[in-house]
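Observations on the model geometry
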Amino acid sequence: KAPKPWKSTKPWRQPALAQYRSFVEFVDVHSTDTTQDSIWVLNVLELIANHLATTRNDIKTIQLWADNAGCYHNATILRIAPLLFGTSSIDLTSFRFFEAGEGKSILDRHFASVRHATVNSVKDGHAFDSGSAIENVLRSLSGVTTYFLQPERAVPAHFEARRQQKQKKIDKIASMHDFRY
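A brief report on the enclosed structure follows. Here, residues in each chain are numbered from 1, in the same order as that chain's written sequence. In keeping with the predicted nature of the model, local features appear solely for residues at pLDDT of at least 70, side-chain atom pairs appear and are counted solely at 80 or more, and the whole-chain, interface and lining totals rest on all residues. By convention in this description, side-chain values take in all heavy atoms of the structure and omit both hydrogens and water.

Let us look at the side chain of Ser121. Positionally, Ser121 belongs in helix 3 (residues 105-123). Contacts between residues were defined by any pair of non-hydrogen atoms, one from each residue, lying within 4.5 Å. Those residues in contact with Ser121 that lie beyond four places of it in its chain are His126 and Val137. What counts as a helix is a DSSP run of H or I of at least four residues, what counts as a strand is a run of E of at least two, and both are numbered from the N terminus.

Laid out in structure tokens, this is it:
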């Protein structure tokens, strides 16, 4: 005997449609200060917090994703980052760290676009030897805001005194990859 075709006793209905609005914006920062340390990263985070507060006041929470480099993945950044965003009325909900090539595909795609735009600019004969040249290339990409950053490296005296003291470290911090606030 041939099997009977399946019949439902319930009327078929169209599933509810969910609307998902997504807008990806990149904030690219360039600087003549090429020292990758926690001071530079904190200056960038402060710049991003100020940018969001002035251009996207609808954002109330944020997650940070970074690679596993020591300039991001350290106790100073993890302690101060929520405070920087808090001053702009934005709650930092998590800070996640990924190994190279993992978990950051949207960022990798962005930087591939930046590289492609840079190569095309150089092929077209444009100089690529200054911050303004970088900004001109990035301006051609949609959803990109560019800032020049001259980090504030002056450390207040009371912070310098604390820095000289032995700082508490987070044990095995390099093996931790998902910090929730």
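From this point on, the discussion continues.
Between buried and exposed lies partly exposed: a residue is buried under 20% and exposed over 50% of the maximum accessible area for its type, with that area taken using a 1.4 Å probe on protein chains only. The alternating pattern of strand 2 (residues 61-67) places Ile62, Leu64 and Ala66 on a buried face and Thr61, Gln63, Trp65 and Asp67 on a face that is not buried. Paired strands, in this sense, are two strands between which DSSP finds at least two bridges. Where strand 2 lies against strand 3 (residues 91-98), 7 bridges are found, and the strand directions are parallel. Each bridged residue has a counterpart across the sheet, and for Gln63 the counterpart in strand 3 is Ser94. Regarding the hand of the β-α-β motif, the stretch spanning strand 2, helix 2 (residues 75-86) and strand 3 is right-handed. Viewed with both strands pointing away, a crossover whose connecting path from the first strand over the helix to the second turns clockwise is right-handed.

Think of a nonpolar core as a cluster: buried Ala, Val, Leu, Ile, Met, Phe, Trp, Tyr and Cys residues, connected wherever their side-chain atoms sit within 4.5 Å. With 24 residues, the main nonpolar core has Leu45, Ile62, Leu64, Phe85 and Phe95 as its most contacted residues. Here this core gets 9 residues from one element, more than from any other, and that element is helix 1 (residues 38-55). Setting aside residues up to four positions removed in sequence, Phe85 forms contacts with Leu45, Ile48, Ala49, Leu52, Ile62, Leu64 and Ile90. The next biggest cluster of nonpolar side chains, apart from the first, holds 7 residues, and it includes Phe26, Val114, Ala117 and Leu141.

Spatially, 2-3-5 is the arrangement adopted by the 3 strands of the open sheet, whose pairing is mixed. Both edges of this open sheet fall to strand 2 and strand 5 (178-180), since each of them pairs with a single strand only. Taking each pair of neighbouring strands and ignoring which way they run, the sheet shows an average axis angle of 15°. Alignment of strand 3 against strand 5, held across 3 bridges, turns out to be antiparallel. Its bridge partner being in strand 5, Phe95 is matched across the sheet by Phe179. Axis definition: a line fit to C-alpha positions, over the contact stretch in the case of helices; interaxial angles, taken between N-to-C directions, run 0 to 180 degrees.

Attention now goes to the pattern of salt bridges. A pairing counts as a salt bridge when a side-chain nitrogen of Lys or Arg comes within 4 Å of a carboxyl oxygen of Asp or Glu. According to the stated counting rule, one finds 4 salt bridges in the structure shown. Here Asp37 ties to Arg153 by a salt bridge, and the two come within 2.9 Å at their closest N and O atoms. Highlighted residues: Asp37 in the loop between strand 1 (26-30) and helix 1 and Arg153 in the loop between strand 4 (144-148) and helix 5 (157-164), separated in sequence by 116 residues. We note a salt bridge from Asp58 to Arg56, for which the minimum N-O separation is 3.2 Å. Its relative accessible area of 18% is what places Arg56 among the buried residues.

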